[in-house]
Amino acid sequence: MCRWQWDVGLVMLIVMSNALPACDGGTAAVALNGTQRQWNGTERTPFQHDHANNSKKTFPVLGFNYDHVRTHFQISLWILLAFLMKLGLQLIPRLSCIVPESCLLIVVGLFVGLVIQVVGEEPPVLDSEFFFLCLLPPIILDAGYFLPLRPFMENLGTILMFAVLGTLWNAFFVGGILYGVCRLDSAHLAGVDLLACLLFGSMVSAVDPVAVLAVFEEIHINELLFVLVFGESLLNDAVTVVLYHLLEEYAGVGSVSAQDVGLGVLSFLVVSLGGVLVGVIFAVMAAFTSRFTLHNRVIEPLFVFLYSYMAYLSAEVFHLSGIMALIACGATMHPYVEANVSHKSHTTIKYFLKMWSSVSETLIFIFLGVSTVAGPHLWNWTFVTVTILLCLVSRVLGVVGLTFIINKFRVIKLTTKDQFIVAYGGLRGAIAFSLGFLLEKEHFPMRNLFLTAIITLIFFTVFVQGMTIRPLVDLLAVKRKQDSKHSINEEIHTQVLDHLLTGVAHVCGHYGHHHWRDKLTRLDKQYVKKWLIAGQRSEEPQLIAFYRTLAVNQALELLESGGEMLPSAGPSTNSLQTLKSKTQENDQSLARISKDRKEEIRRILRTNLQSTEQKLHSYSQHTQDEAWTLRVLHRKQAEMGRKMSIFLADAAKLQVSPVQHRSRLASAPQIYNSRP
Amino acid sequence: MGTLFSAPDDHFQDLSEKTGFSPEQIQILHKRFKQLSNEEDLLRRDDFNNIPDLACNPIRTQIIEAFFDKRNFRQNAVGSVEEISFEQFVVVMSHFRPVPLHNMTEEQRERMRREKLRFLFNMHDTDNDGTITLEEYKHVVEELLSRSGAIGKETAKGIADAAMLEVASITVGRMNPEDFYEGITFDHFLKILKDIEIETKMHIRFQNNACALC
């Protein structure tokens, strides 16, 4: 409960910080341009000296100047608030099981907005520029960098069909029928013409990647469906960009000619392919740069982030699709950068990306809630309800119709269950709102009407569809994501299968997608890898790279799980005896454990030590990083000694049962004696 | 739609029923068979050398062997032959036919999975003793790494060791230090590859019309 009090306190602080200029004394100007500073005669910062003023004032020991940190302070406070709210919500586990986090965050935003409005301040609205340039890129980069490339490429045809044709269908269906509704006198919507309706249709038709990610990540659906819906949400950006700009330009004029439509199609190709090209160029530069960072490991993550962000910005400069550029950049640079960077940089990149995308996502949903309270609204029952209905209907029709066509070309057909999830998972989100916000009031007098409808639609999809999708997935028994880690056997047999299928396809004389995939892999190996990957790793076959990563990861896991490594094959009872001498000071607490429990613990430790030692022996013989692994082992040995004594002392204090000990220690699989 | 009257249609009809291919697909396969075997009725191992793309494939020997392996002819025979007829060619190919999975029950899917994994198992188990020993597995890994020279040979042993270790830990579980893991039986093979969902992956597209085959 104290969490809530903290949060309310923080909200108050934000409100006050907004209101502070009023009481600051008038002429104090913020030094954002850095040169001039003016301040009231009564307030002085401790850092400034006033040589011109000769009157003796007492030297201020403590000063107060809020203005010069105001913006930064507010931004940090907002982010802090957002995450404390997020933490607070975790404390109510029942709630987070039923309601997806995105809904809760929107509610929090509503609450904050209401508080701010009640106090009398102007709640901040989700500024479109801030959204598109700061909040959206981290989420997309995170998605692109960790995109499961293989299922994505295998289903690319399906994804493109949904993204392009599906979005176009949605836009025109919704826009067209809305226009029909607007023509009815009873709706009082005479001011909305056809192009404005189509523009509105294009804004609400696109499935939003942020909302999809937020909801789908929690329900752990199988990879195929996830890749279909999420891939669609990413690739429909090009369609949205082109439609939006085309209609925005011509809605002012009032009519669109056939030539414009042709130009629109051409523009679509340029926007999407151009975006991908920009992304790939920056990815190659990033991979090439990472080749030379051998002696400067600390700045490696920086290159990944900067090049990707530059790719996004460059694409935006030319009105190309920034999202596609970012995805292409992240997905392309991933294998090469991973081969070049150190293990720690890999972890840094991963966690920074996850952290930033988490910040962005939280802020987006909270701001959506705040903007709902803030924004000027024009509620029209007909318009809003028809919008929601049409979006649902068009989505279902679109998915069913397209699947019918797509299934003729797919080997693994999409079942009705799959189609339902794809249709139901088409959530709308903040991108639609931001696009609506970008409209200018002069050209679009019905802007408020649109914004209200968009927000209501977002609320509907996120709340209703987001909340009900989890029970529906359970009810329909849709296949879930398998959590199993990719084992070496699976890797070997996946490769065998690939080569087998390519070979059999060649025997048949069939040059299908196996052939092209194989050719691409070979070209990549022969030319691209030599340029982009440093040193010996460029020659390393994928299987060996996989094996090495696996061995290193498992070695680290074993070390951290509490086993102690001994380079010699001596009996482990010796080591336990030496340890015991170190723990003389803990003897008192040790004596409290019963004798047979101690014996049990010793036995478990002994068998664990044997097994992990033999296992590591089998691995470390053959990994190329053998020297490295052994160095790590030696270094950890001393640490392990210390940890072991602490562990035994803790066990005494906690009186943990042997069963729990066993489950904690027995993380290493059992041994296999390999005869040479 | 080519006019292929060079083979008796009712023979194809039998084959079509037996293997599940459509008659058009069988005709196309027949054309390919004739192309590979230089218009003869039987296909030999050397004929596979005429396929240039196959030369780059690291496991080409195993693929070619699979065509001449009696275990894949669905006649419960063992051993290998020197030359195969068109019928046997089509039977081997039928292992790669795409199946309409969404209409199948769970046990039909399981049966398909067993069948396809059996094909893979036969490919690895060259001496046909029912288990894949460490040596045979090492051979598989070596072939996969066959283009990496010396590094390949050394790491192949390590990788094969690690893989066998993993199979042992998944299938047998806890073992005493003195126990020896013989080899991967077919059931163990099924167990470790259960997650790959091979029934959705092991297929190639067979053409339905005669246009694209030159």
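Residues numbered from 1 in each chain as written. Chains lettered and ligands numbered in written order. Predicted model: local features only at pLDDT ≥ 70, side-chain atom pairs only at ≥ 80, totals over all residues. Heavy atoms only, no water.

A.B. asks: Before we go on, may I ask you to explain the overall build of chain B in this structure?
C.D. replies: When helices and strands are tallied, chain B shows nine helices and four strands. Moving toward the C terminus, one meets the helices and strands of chain B in the order α-α-β-α-β-α-α-β-α-α-β-α-α. When each of the 214 residues of chain B is scored for burial, the buried share is 50%. Restricting to contacts in chain B with at least 6 residues of sequence separation, those with at least 24 account for 55%. Carbon together with sulfur atoms contributes 49% to the accessible area of chain B, which is approximately 10400 Å² in total. (Helix = DSSP H or I, 4+ residues; strand = E, 2+ residues; numbered from the N terminus. Buried < 20%, exposed > 50% of the residue type's maximum accessible area, 1.4 Å probe, protein only. Contact = heavy atoms within 4.5 Å. Areas by Shrake-Rupley, 256 points an atom, 1.4 Å probe, with all protein chains shown as cover.)

A.B. asks: Would you mind going over the nonpolar core with me for this structure?
C.D. replies: As a rule of thumb, soluble globular proteins bury nonpolar side chains together. Of all hydrophobic cores here, the largest spans 139 residues; its most connected members are Phe131(A), Leu136(A), Phe200(A), Phe216(A), Ile221(A) and Phe450(A). The greatest single-element share of this core, amounting to 15 residues, is contributed by helix H10 (residues 223-253) of chain A. In this structure, Leu15(B), Phe89(B), Ile184(B) and Ile192(B) belong to the second largest nonpolar core, which totals 71 residues. (Core = buried A, V, L, I, M, F, W, Y, C linked by side-chain atoms within 4.5 Å.)

A.B. asks: What's the story with the side chain of Asp69(B) in this structure? I'm lost.
C.D. replies: Inspection of the secondary structure puts Asp69(B) in the loop between helix H3 (60-67) and strand E2 (83-84). Given a relative accessible area of 10%, Asp69(B) falls into the buried group.

A.B. asks: What am I meant to see in the packing of aromatic side chains here?
C.D. replies: The description of an aromatic ring pair uses the distance of the two centres, along with the angle that the planes make with each other. All told, the structure shown has 27 aromatic pairs over all chains when counted by the stated rule. Judged by centre distance (5.9 Å) and plane angle (15°), the ring pair of Phe383(A) and Phe450(A) falls under stacked. On the criterion of sequence distance, the pair formed by Phe383(A) in helix H15 (residues 381-406) and Phe450(A) in helix H18 (residues 447-476) is long-range, its members being 67 residues apart. Side by side, Phe383(A) and Phe450(A) carry an identical accessibility label, which is buried. Members of the aromatic cluster, connected to one another through ring pairs, are Phe33(B), Phe48(B), Phe67(B), Phe68(B), Phe86(B) and Phe89(B). In this arrangement the basic side chain of Arg447(A) is found over the ring face of Phe437(A), its NZ or CZ atom lying 5.0 Å from the centre. Over the ring of Phe68(B) we find Arg45(B), and its NZ or CZ is 4.6 Å from the ring centre. (Phe/Tyr/Trp six-rings, centres within 6.5 Å; stacked < 30°, edge-to-face > 60°. Lys NZ or Arg CZ within 6 Å of the ring centre and 35° of its normal.)

A.B. asks: Please clarify how the packing of helix H17 (residues 430-438) of chain A against H18(A) should be interpreted in this entry.
C.D. replies: Two packed helices can be described by the angle between their axes and the distance between those axes. Residues and elements named next belong to chain A. Where H17 contacts H18, the two axes come as close as 9 Å, and the packing angle between them is 175°. Taken together, the axes of H17 and H18 are roughly antiparallel relative to one another. Facing Ala430, Ala432, Phe433, Gly436 and Phe437 of H17, the residues of H18 in contact are Arg447, Leu451, Ile454, Ile455 and Ile458. When the residues that make up the contact of H17 with H18 are grouped by side-chain class, the tally is eight nonpolar, one polar and one charged. (Axes fitted to C-alpha atoms, helices over the stretch in contact; angles between N-to-C directions. Parallel < 35°, antiparallel > 145°, perpendicular 65-115°, else oblique. Nonpolar A, V, L, I, M, F, W, Y, C, P; charged D, E, K, R; others polar.)

A.B. asks: What is the right way to read the environment of Asn222(A) from this model?
C.D. replies: Residues and elements named next belong to chain A. Position of Asn222 among the secondary structure elements: in the loop between helix H9 (209-219) and H10. A residue is classified by how much of its surface remains accessible, and Asn222, at 11% relative accessible area, is buried. Those residues within four positions of Asn222 in sequence are excluded, and the remaining contacts are Val478, Lys479, Arg480 and Lys481. A distance of 3.1 Å separates the side chain of Asn222 from the backbone nitrogen of Leu225, its partner in a polar contact. (Polar contact = N/O pair within 3.5 Å; in protein donor to acceptor, adjacent residues only side chain to side chain.)

A.B. asks: For this particular structure, what's the right way to read a negative patch on the surface?
C.D. replies: A contiguous patch of negative charge, built from Asp9(B), Asp10(B), Asp14(B) and Glu17(B), is present on the exposed surface. Locating Glu17(B) in the fold gives a position in helix H1 (residues 9-19). (Patch = residues over 30% accessible without salt bridge, like charges linked within 9 Å, V, L, I, M, F, W, Y side chains within 5 Å. Salt bridge = Lys/Arg side-chain N within 4 Å of Asp/Glu carboxyl O. Lys, Arg positive; Asp, Glu negative; His and termini not counted. Charge placed at Lys NZ, Arg CZ, Asp CG, Glu CD.)

A.B. asks: Help me understand unusual backbone geometry in this model?
C.D. replies: Residue and element names in this part refer to chain A. Of note in this structure, His220 is not a glycine but carries a positive phi near 50°. Examined against the element boundaries, His220 turns out to sit in the loop between H9 and H10. For His220, a relative accessible area of 41% gives the class partly exposed. With phi around 55°, His319 is a residue other than glycine that occupies positive phi space. Within the element layout of this structure, His319 appears in the loop between helix H12 (300-317) and helix H13 (322-340). A residue is classified by how much of its surface remains accessible, and His319, at 53% relative accessible area, is exposed.

A.B. asks: What should I look at first to understand the packing of helix H2 (residues 70-90) of chain A against helix H14 (residues 343-374) of chain A in this one?
C.D. replies: All names here are of chain A. Axis separation between H2 and H14 bottoms out at 10 Å; the angle between their running directions is 95°. As summarised for this structure, H2 and H14 are arranged roughly perpendicular, according to the angle between their axes. The residues of H14 that touch H2, namely those facing Trp78, Ile79, Ala82, Phe83 and Lys86, are Ser358, Val359, Thr362, Leu363, Ile366 and Val370.

A.B. asks: I'm lost on the pattern of salt bridges in this one. Help?
C.D. replies: Charged atoms that come close allow side chains of opposite charge to pair. Residue and element names in this part refer to chain B. Applying the stated criterion across every chain, the model contains 18 salt bridges over all chains. In this structure, Glu83 engages Arg44 in a salt bridge whose closest nitrogen and oxygen atoms are separated by 3.0 Å. Taken together, the residues Glu83 in strand E2 and Arg44 in strand E1 (residues 43-44) connect sequence positions 39 residues apart. Of the charged contacts, one joins Asp161 and Lys157 as a salt bridge, the two residues approaching to 3.5 Å between their closest N and O atoms. Of the two residues, Asp161 and Lys157 are both situated in helix H7 (residues 149-171); the distance of four residues between them amounts to about one turn of the helix. Overall, the relative accessible area of 4% leaves Asp161 in the buried class.

A.B. asks: Can you help me understand the state of the cysteines in this one?
C.D. replies: Note on terminology: disulfide describes a covalent bond linking the sulfur atoms of two cysteines. Residues and elements named next belong to chain A. If you walk through the whole model with that rule in mind, you get zero disulfides over all chains. Here Cys182 is not disulfide-linked; the sulfur of Cys197 is the nearest cysteine sulfur, at 4.1 Å. Judged by relative accessible area, which is 3%, Cys182 ranks as buried. (Disulfide = S-S within 2.5 Å.)

A.B. asks: What exactly am I supposed to notice about the confidence of the model for chain A here?
C.D. replies: Across chain A, pLDDT averages 76, with 72% of residues at or above 70. Confidence, read as mean pLDDT per element, is least for helix H22 (residues 572-582) of chain A in chain A (39) and greatest for H12(A) (93). (pLDDT = per-residue confidence, 0-100.)

A.B. asks: Before we go on, may I ask you to explain the environment of Val265(A) in this structure?
C.D. replies: In this structure, Val265(A) sits in helix H11 (residues 258-290). Residues Val265(A) and Val239(A), 26 residues apart in the sequence, show an inter-C-alpha distance of 9.5 Å.

A.B. asks: Sorry, what's going on with helix H2 (residues 23-36) of chain B here?
C.D. replies: What sets the pattern is the α-helix's 3.6 residues per turn: residues three or four places apart point alike. Over its 14 residues, H2(B) extends 20 Å from the first C-alpha to the last, a length consistent with the 20 Å expected when each residue adds 1.5 Å. With 10 of its 14 residues buried, H2(B) lies for the most part within the structure. Among all positions of H2(B), only Gln25(B), Ile26(B), Gln27(B), Ile28(B), Leu29(B), His30(B), Arg32(B), Phe33(B), Lys34(B) and Leu36(B) are buried. Against helix H19 (488-508) of chain A together with H1, E1, E2 and helix H4 (86-93) of chain B lie the buried residues of H2(B). Two residues or fewer after H2(B) comes Asn38(B), characterised by a positive phi angle close to 55°. (Expected span 1.5 Å × (residues − 1).)

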